[in-house]
Amino acid sequence: MSYIKCLYCRECGREYPVAPEHVCEFCFGPLEVGYDYEAIKKVISKDKIQKGPLSIWRYEDLLPVTRDSGIDMGTGFTPLVKAENLGKTLGLNNLYIKNDSTNPTFSFKDRVVSVATNKALEFGFETLACASTGNLAGSVSAHGAKAKMDTKVFFPSDLEQGKILGAAIYGSTLVAVDGTYDEVNRLCSELADNHRWAFVNVNMRPYYSEGSKTLGYEVAEQLGWRAPDRCIVPAASGSLFTKIWKGLNELKDLGLLESVNTFMDLAQPDGCSPIVEAFEQGTYHVKPVKPETIAKSLAIGNPADGFYALKTIAETKGNAVRVPEPEVAECMKLLAETEGIFTETAGGVVISALRSLAKRGIISADEVVVAFVTGNGLKTVEVIEDAADPVFTNPDYKSFQDALNVWNKRSL
Ligand SMILES: Cc1ncc(COP(=O)(O)O)c(C=O)c1O
Ligand SMILES: [Zn+2]
């Protein structure tokens, strides 16, 4: 069962009934899910979780909806890989990659969308929708198909082909908007006010964002019920970042972790780094920017959770790292060549931030570090087009030997 109690305003604390609402009527603050933690404490245990399904639904007691209310795509419980090779390169002895690109639609968005879709079904919605920077469109389209809902996904028209096709294949209605993500989001907010559509990241946002907590739970469980010393997380709206932190703290408050002393480090690409900019200026006021980055999945110029992300960084004495644009593709290659993991641009941003923090001596050699790789590289092949440099040969032994010699000399 679900232990959801209410929605409450993150700013003024006013409580609201459980409904498809996301903004406080009194102060316009964002709404958050409130739980009956006393009741959860009585039923939850490491043993119960470990006996649960190998998916996000093993943490059902801590989510605002149950698996039984809707569909189960098998999202979550993705690999936590010890990155020995990359760790050696960077001088880190306990580096882990949380590889969330292995989810059903190849990004962490399946976590948030699984929760939001089930809640939308519980509320009786027939239409599922979203404002997307790319990955969300694919995930909402897949979940909508499985749930037999009418599905509409809105995104900036300049998205990568892999993202557009990765949504189109599921038969949803694609709406390519001639504008930035922030303009798409504004349009969707207006539509959500006037249609009975479940926009997963607009009117369903309080429930949707809770799905990201499962990344915090999983990492702690996979490390043998301990919190990492450091998390490095890519940020667009900043929601994922704050929810990983929330997840770790919930486990501690419920007695499943002894302590949480985690540095929370946030990564953004140079061409869209409003949260990093505020961090560097020493303010909690995030000034919106117009994104110009190859990491399109992170291209949110006006991040809804920027303020809370900055609070989390301050609370944990973490960092905010701005990644030079040319390092995004370079670090996608670095991760692929060292660990055999092909990530999209957001992963390149994270690995570049990790490398920068390691080089600057901010990470000490024995820290347990988790870098969150949140999406799959096949969706953003445009940025690594020069990576392919084959040995061209005729189909005979001698031609191959000659071609290989030429190729070897050239690459010296
Ligand atoms: C692959 C990937 N990683 C990270 C993020 C950042 O998520 P958030 O908006 O919760 O900060 C996104 C958002 O679209 C994404 O697609
Ligand atoms: Zn309020």
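Residues numbered from 1 in each chain as written. Chains lettered and ligands numbered in written order. Predicted model: local features only at pLDDT ≥ 70, side-chain atom pairs only at ≥ 80, totals over all residues.

## A short note on the overall build of the protein
Here's step 1: Each helix and strand counted, the protein has 15 helices and 13 strands in total.
Here's step 2: Along the longest, intermediate and shortest principal axes, the C-alpha atoms of the protein span 75 × 45 × 45 Å.
Here's step 3: Each of the 412 residues in the protein was classed as buried or not, and the buried ones make up 52%. (Helix = DSSP H or I, 4+ residues; strand = E, 2+ residues; numbered from the N terminus. Buried ≥ 20, exposed ≤ 12 C-beta atoms within 10 Å, placed from the backbone.)

## A closer look at the pairing of strand β6 (residues 127-131)
Here's step 1: Across the five residues of β6, four count as buried, placing the element largely inside the fold.
Here's step 2: Pairing analysis gives five bridges linking β6 to strand β7 (residues 150-156), with the strands arranged parallel. Looking at β7, one finds that A129 is bridged to K152.
Here's step 3: The β-α-β motif built from β6, the intervening helix α5 (residues 135-146) and the parallel element β7 has right-handed crossover chirality.
Here's step 4: Looking at chain direction, β6 and strand β9 (residues 198-199) are connected through two bridges and run parallel. Bridge pairing links L128 to A198 in β9. (Pairing = 2+ DSSP bridges. Right-handed = clockwise from strand over helix to strand, strands pointing away.)

## Things to note about the domain arrangement of the protein
Here's step 1: Under the domain assignment used here, the protein contains domain 1 (4-72 + 109-208) and domain 2 (80-106 + 212-387).
Here's step 2: Using C-alpha coordinates to define each centre, domain 1 is positioned 22 Å away from domain 2.
Here's step 3: At the interface, 26 residues of domain 1 touch 29 residues of domain 2.
Here's step 4: Within the residue set of the side of domain 1 that touches domain 2, elements represented by two or more residues are α1 (37-43), α2 (46-50), α4 (109-122), α5, α6 (161-168) and α7 (181-194).
Here's step 5: Among the elements that line the side of domain 1 that touches domain 2, the one with the most residues is α5, at four residues. (Domains from an automatic or database assignment. Contact = placed C-beta atoms within 7 Å.)

## Remarks on α5
Here's step 1: The first and last C-alpha atoms of α5 sit 17 Å apart over twelve residues, in line with the 16 Å expected at 1.5 Å per residue.
Here's step 2: Taken across its twelve residues, α5 has ten buried, putting it largely inside the fold.
Here's step 3: Residues of α5 that are buried include every one of N135, L136, A137, G138, S139, V140, S141, A142, H143 and G144, and no others.
Here's step 4: As for α5, its buried residues are in contact with α4, β6, β7 and α6.
Here's step 5: Taken from the residues just after α5, K148 is the one with a positive phi, measuring 55°. (Expected span 1.5 Å × (residues − 1).)

## Quick notes on the sheet that holds strand β8 (residues 173-177)
Here's step 1: One open sheet holds the four strands; their spatial order is β8-β7-β6-β9, and the pairing between them is parallel. Edge positions in the sheet fall to β8 and β9, since each has one partner strand and no second.
Here's step 2: Examined bridge by bridge, β7 and β8 share five bridges and lie parallel to one another. Counted as the bridge partner of V153 is L174 from β8.
Here's step 3: Along the sheet, α7 contacts β6, β7, β8 and β9; its crossing angle with β7, the most-contacted strand, is approximately 145°. (Axes fitted to C-alpha atoms, helices over the stretch in contact; angles between N-to-C directions.)

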